[in-house]
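This is what each chain is made of:
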Amino acid sequence: MVDALQEAQRILVDRGVFVDARPDSRVSARVRAKTPRGTVIGTIGTQRPTKTDDAMSDRAVRNVLRRKLFRSRRRGRLWHAIPFEDAGELNDYLTDHLRFSKRVQWLVPAARRRTPLFIERAVRFEILEKR
């Protein structure tokens, strides 16, 4: 990540903007019922190796800010919804996913899991300006 940030700094014009956006493993993804803003009926954690990678990426961003290669113009978190027709489709998605844990931690019994289902995942972003 440090190399990528240094390369971005090298090719950007003065005061050029670079957006660092990646999934936020510091918060669990939410499983919502019926609509992207529906009731939270479950959560999905992040696999441990992914959390380690994310921590190293965070460190790389702090490093380029400390070295004054960039300045932070804005940072925050947005939520992105991914739709699924039913729990079977959601489980198939999780089976092949490299970031999410393989199972949903359900907060409601199966009888109350209304479809469609939505995974609402956090995306952390920071807008960096070349100095």
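Structure: see above.
Just so we're clear, the structure is a prediction, and the values are computed from it rather than from any experiment. (Residues numbered from 1 in each chain as written. Predicted model: local features only at pLDDT ≥ 70, side-chain atom pairs only at ≥ 80, totals over all residues. Heavy atoms only, no water.)

## Quick look at the environment of L94
Here is step 1 of the chain: As for its placement among the helices and strands, L94 is situated in helix α3 (residues 87-96).
Here is step 2 of the chain: With relative accessibility at 0%, the residue L94 sits in the buried group.
Here is step 3 of the chain: As for L94 and I82, which are separated by 12 residues in sequence, their C-alpha atoms are 12 Å apart.
Here is step 4 of the chain: Ignoring any residue separated from it by four or fewer positions in sequence, one finds L94 in contact with I44, F100, S101, K102, R103, V104 and I119. (Helix = DSSP H or I, 4+ residues; strand = E, 2+ residues; numbered from the N terminus. Buried < 20%, exposed > 50% of the residue type's maximum accessible area, 1.4 Å probe, protein only. Contact = heavy atoms within 4.5 Å.)

## What about the pattern of salt bridges?
Here is step 1 of the chain: As enumerated under the stated definition, the model contains 14 salt bridges in all.
Here is step 2 of the chain: R77 is the partner of D24 in a salt bridge, and the nearest nitrogen-oxygen pair spans 2.8 Å. Here D24 is found in the loop between β1 (17-23) and β2 (29-33), whereas its partner R77 is found in strand β4 (residues 70-84), with 53 residues between them in sequence.
Here is step 3 of the chain: The exposure class assigned to R77 is partly exposed, which follows from its relative accessible area of 41%.
Here is step 4 of the chain: Put simply, R124 and D58 hold a salt bridge, and the shortest N to O gap is 2.7 Å. Remark: D58 occurs in helix α2 (residues 48-66) and R124 occurs in strand β6 (residues 117-130); sequence separation between them is 66 residues. There is no split in this pair, since R124 and D58 are both buried. (Salt bridge = Lys/Arg side-chain N within 4 Å of Asp/Glu carboxyl O.)

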